[in-house]
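Fold and geometry: a report
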Amino acid sequence: MSDRRDALKGLASLTVLPALAQHQHGDEGKSAPAALSAKFFSAAELRDLGEWVELILPRTETPGAKDAKVHYLIDGLCHRTPAAGKEWRATLAWLGKQKGSREQVLARISTESKSAGAEHFKRLKDTTIEQYYLTREGLQAELGWNANTYVAEFKGCTHKEHR
Amino acid sequence: MAQVKKSPEVHDVIIVGSGAAGGMAAWNLTRKGVKVLMLDAGEKFNRGGFWSHVKPWETQKKLDAGQKPPQFYVDNAEQPYHSDPYFYLVRVWGRGGRTNVWGRVALRYGDLDFAAAEKDGWEIDWPIRYRDVAPYYDRVEQLIGVCGGDDDQDSLPGSKYHLPPPPPRCGERLLQRAAKSVGISVVAQRKAVVTKEHNGHGPCHYCGACGRGCDVSAFFNSSDYLLEPAFKTGNLRLIDNAVVGRVLVGNDGLAKGVQYFDRKTGQEHTVLGKRVIIGAACVDSTRILLNSKSEKYPNGIGNSSDVIGRYLCEQVRFHMYGFAPELMGTKTLNDDGLGGEHIYMPRFNHRGPKRDYLRGYGSQFWNIGAQTGLSSWAKQMPGYGAGLKQNIKKHFPALIAMHPYGEVLPYKDNRVVVDAKKVDRYGLPIAKIEYRIRENERKMLGDMYDMAEQVIRAAKAEILPFERGAIDVAGSAIHEHGTVRMGRDPKRSALNGYCQMHDVKNVFVVDGAAFTTASEKNPTLTILALSWRATDYLAEGIRRGEV
């Protein structure tokens, strides 16, 4: 038991770490008015990309991919990763050459497999999902996520039917 | 060649590494009045600079602005290792080591673990039993704070000292209920997280971002919980950025000091000590010992048995996900809680019919409920447009998961070696890891898959596609053990039950390398207990003038 007493004695002089009430938590409650500009795509390419991502995750009663500036996020990704930029430019060019409206093109290639269209659709869909659900619009406004924050008590599941 | 800087001072004890193992050794020795020099391969991490509360949409903006999160992990380009087949080695060089970002799961081993080899005859037996370690588990839990339940099992010894556990999330309750319906107990997880103020450490505020480091130090980390009190004794001196190369040996065959290199400048140094404690984490500790060749120890210090580097073992694991229908379309809750799971499935396969494999498995349950990493499953949803968006939202609160961990047996040729042909920036041979699972693990995996599927189906969940038999990459459990194992027979083990080398009495190895078997459990609580026990023994030996 002497070990235990010594242990507690050794720690007794420590003070409690900073009060949680004063704890800083990112940008809670603030809006995100960041001014955006294209770094990789041309203005026309960016407008085009905005239309495509919006078709993948459109505005409903909650913001869509364009509201969440997903096309700008993809632009940033291409700016940072030249290989991705090359692929995205090829995807936009390929999509632009297809016959019919954007809606008709998506309807067609979304059902294909092992084709160039399927590959471009996968890039468009996967990246739109990846980026949208990292935004405030996607996570908070659409999904209702409000975590990574201070809570005094974690209540867990409160549903009687799950006990 | 630059001249070696030799420090003439002879320290009572030199400790290599500042994580759970080295930190505990330093804390325990310094409070007993022993003067300690600690060599750490990195620096103190700035807790105020942790990105614990950086929201997902802020991360890229901060990176674009040139900001960086703390660089916890060692870049393989800086300190390479080789592996064949691939072994994922995670190293944190810096004060506190991997305890800055660890999973915090704090499970006691029992005699099902310590006496496993005695029962099944596979490889050597631990030289200790639960009764030897239990008092140290008690002390460690009281010191650092471990939350958990009183729902002990024969495979999971309990504790009188648990702090209150957090309540389960909805998905965890459903899995607990489902497991019970098929006869398997799922208990409260035991984690080294302070759920109420404890020994001066403020409580967790449930932001769920433990993997990025805790900005208020509400979970155990060696730096705040062990090293800071050790500094206060006045008996601890620590040298940052000291990458240890070798243990130096005197004419008497005992260790006489340590060679290290400054990580920033490359300058070589030597320091002298009467005893050396190695706690640099399993693979790095092994590399240091194997590189410590001398006339007396031609294949590495303390390695007359040729076991050092051999018997590398950890756990084999996989992940199975599903969606619980009861939770689909429900209101999104804040499911963060403690980062990771609040429940645990202890080993149960030793009960009931005899299995066609040795040892056992348990399961963890992280990533349940409304979690941010949803794109991995959301991309698999069919279609696009408003229907896809609605479908993702419906599934968001309903994710459930199981992560079974199974013990990998110690095999002689699963090992760490040093490769004299490939050297690091200091000119020292790098580690090469040779590790693969065998027939026993493959048989166990079949059982693990059956169990996970049975439990998730009992929750009436829709299971996400999986490939039966697939496993996570070797090393991903980050629980390397066994390469400097303890045992009773000096011909088959490197250490005695007090982590002391059989061959070199003034060298101790106190990290996971000292373990005789891996168990299915997370090792850190046991590392802390064994390091405390080893340094009690050492301190008593110093007092008596025996070590």
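Looking at the overall build of chain A
- Along its length, chain A carries seven helices and zero strands.
- When each of the 163 residues of chain A is scored for burial, the buried share is 33%.
- Sequence separation of 24 or more characterises 63% of the internal contacts of chain A that already satisfy a separation of 6 or more.

Focus: the overall build of chain B
- A count of helical and extended segments in chain B gives twelve helices and 17 strands.
- With the principal axes as the frame, chain B shows a C-alpha extent of 75 × 60 × 45 Å.
- Here chain B, with 547 residues, has 56% of them falling under the buried criterion.
- For chain B, long-range pairs separated by at least 24 residues make up 76% of all intrachain contacts whose partners lie at least 6 apart in sequence.

Here we look at the pairing of strand β8 (residues 268–278) of chain B
Residue and element names in this part refer to chain B.
- Bridge analysis of strand β1 (residues 5–16) against β8 gives eight bridges, and the strand direction is parallel. Its bridge partner lying in β8, V16 is registered against I278.
- One ladder, built from five bridges, connects strand β7 (residues 255–262) with β8; its direction is antiparallel. The residue bridging G257 from the neighbouring strand is L272, located in β8.
- In this structure, the hairpin formed by β7 and β8 is closed by a connection of five residues, where G266 is found at a positive phi of approximately 80°.
- Pairing between β8 and strand β17 (residues 507–509): three bridges, direction parallel.

Side note on the domain arrangement of chain B
All names here are of chain B.
- Segmenting chain B into domains produces domain 1 (1–147 + 213–314 + 412–435 + 478–547) and domain 2 (169–189 + 316–407 + 437–473).
- Facing 14 residues of domain 1, the contacting portion of domain 2 comprises 14 residues.
- Taken together, the residues that form the side of domain 1 that touches domain 2 break down as eight nonpolar, three polar and three charged.

Quick word on the interface of chain B and chain A
- At the junction of the two partners, chain B supplies 53 residues and chain A supplies 54 residues.
- Looking at the side of chain B that touches chain A, the elements that each hand over two or more residues are α2 (56–64), α5 (130–144), α6 (170–181), α7 (222–232), α9 (375–378) and α10 (386–395) of chain B.
- Top element by residues in the side of chain B that touches chain A is α2(B). It accounts for five residues.
- Of the residues that constitute the side of chain B that touches chain A, the class distribution is 21 nonpolar, 17 polar and 15 charged.

Considering the confidence of the model for chain A
- Across chain A, pLDDT averages 83, with 79% of residues at or above 70.
- Low confidence marks residues 1–33 of chain A, where pLDDT is under 50. Its contacts with residues over four positions away, or in another chain, come to 44 contacts.

So, the sheet that holds strand β3 (residues 82–83) of chain B
Residue and element names in this part refer to chain B.
- Strand order in the open sheet made by the three strands is β3-β15-β14, with mixed pairing throughout. Two strands in the sheet have a free side with no partner beyond their single neighbour: β3 and β14 (415–423).
- In this structure, β3 lies alongside strand β15 (residues 429–434), joined through two bridges in parallel fashion. In the sheet register, H82 faces β15, and the bridge partner there is K432.
- Where helix α8 (residues 282–291) meets the sheet, its contacts fall on β14 and β15, and the angle it forms with β14 comes to roughly 60°.

Re the pairing of strand β2 (residues 36–39) of chain B
Residue and element names in this part refer to chain B.
- Alternating residues of β2 divide into V36 and M38 and L37 and L39, and every residue in both groups is buried.
- Two strands pair when backbone bridges link them, and β1 and β2 are joined in this way by four bridges, in the parallel orientation. Counterpart to V16 in the pairing with β2 is L39.
- Alignment of β2 against strand β5 (residues 236–239), held across four bridges, turns out to be parallel. The residue bridging V36 from the neighbouring strand is L236, located in β5.

What to know about the nonpolar core
- Judged by nonpolar contacts, the single largest core of 158 residues is most densely connected at B:V16, B:A26, B:I400, B:C499, B:V510 and B:A514.
- Tallying contributions element by element places helix α12 (residues 524–543) of chain B first for this core, with eight residues.
- Both domain 1 (1–147 + 213–314 + 412–435 + 478–547) and domain 2 (169–189 + 316–407 + 437–473) of chain B contribute no fewer than three residues apiece to this core.
- Those residues within four positions of B:V16 in sequence are excluded, and the remaining contacts are B:G22, B:L39, B:V244, B:V258, B:I277, B:I278, B:G279, B:A280 and B:I288.
- Judged by nonpolar contacts, the second largest core, of 38 residues, contains A:L57, A:L95, B:A378 and B:L388.

Quick notes on the environment of B:R212
All names here are of chain B.
- Mapped onto the fold, R212 is located in the loop between β4 (187–188) and α7.
- Along the backbone, R212 and W51 are 161 residues apart, and their C-alpha atoms lie at a distance of 6.3 Å.
- Not counting residues up to four positions away in its chain, the partners in contact with R212 are F50, W51, S52 and P69.

Looking at helix α1 (residues 20–31) of chain B
Residues and elements named next belong to chain B.
- Taking 1.5 Å of rise per residue, twelve residues should cover 16 Å, and α1 covers 17 Å from first to last C-alpha, within 8% of that figure.
- Residues A20, A21, G22, G23, M24, A25, A26, W27, N28, L29, T30 and R31 constitute the buried set of α1.
- Positive phi appears at G33, one or two residues downstream of α1, with a value of about 90°.

A look at the packing of α5(B) against α12(B)
Residues and elements named next belong to chain B.
- Contact geometry of α5 with α12 gives a least axis separation of 9 Å together with a crossing angle of 110°. Viewed along their axes, α5 and α12 adopt a mutual orientation that is roughly perpendicular. Here V133, Y136, Y137, R139 and V140 of α5 come into contact with α12, specifically with L525, L528, A529, L530, W532 and R533.
- Partitioning the contact of α5 with α12 into residue classes produces nine nonpolar, no polar and two charged.

Remarks on the confidence of the model for chain B
- With 100% of its residues at a pLDDT of 70 or more, chain B has an overall mean of 97.
- Interface scoring of the predicted complex returns ipTM 0.91; its pTM is 0.93.

Things to note about unusual backbone geometry
All names here are of chain B.
- Residues D84 and P85 are joined by a peptide bond in cis, for which omega reads -5°.
- By the secondary structure assignment, P85 is in the loop between β3 and α3 (111–114).
- A positive phi angle is found at N367, which is not glycine, with a value near 75°.
- Counting through the fold element by element, N367 comes out in the loop between β12 (361–364) and α9.
- For N367, a count of 20 C-beta atoms within 10 Å translates into the label buried.

Parameters at a glance
- Residues numbered from 1 in each chain as written.
- Chains lettered and ligands numbered in written order.
- Predicted model: local features only at pLDDT ≥ 70, side-chain atom pairs only at ≥ 80, totals over all residues.
- Helix = DSSP H or I, 4+ residues; strand = E, 2+ residues; numbered from the N terminus.
- Buried ≥ 20, exposed ≤ 12 C-beta atoms within 10 Å, placed from the backbone.
- Contact = placed C-beta atoms within 7 Å.
- Pairing = 2+ DSSP bridges.
- Domains from an automatic or database assignment.
- Nonpolar A, V, L, I, M, F, W, Y, C, P; charged D, E, K, R; others polar.
- pLDDT = per-residue confidence, 0-100.
- Axes fitted to C-alpha atoms, helices over the stretch in contact; angles between N-to-C directions.
- Core = buried A, V, L, I, M, F, W, Y, C linked by C-beta atoms within 7 Å.
- Expected span 1.5 Å × (residues − 1).
- Parallel < 35°, antiparallel > 145°, perpendicular 65-115°, else oblique.

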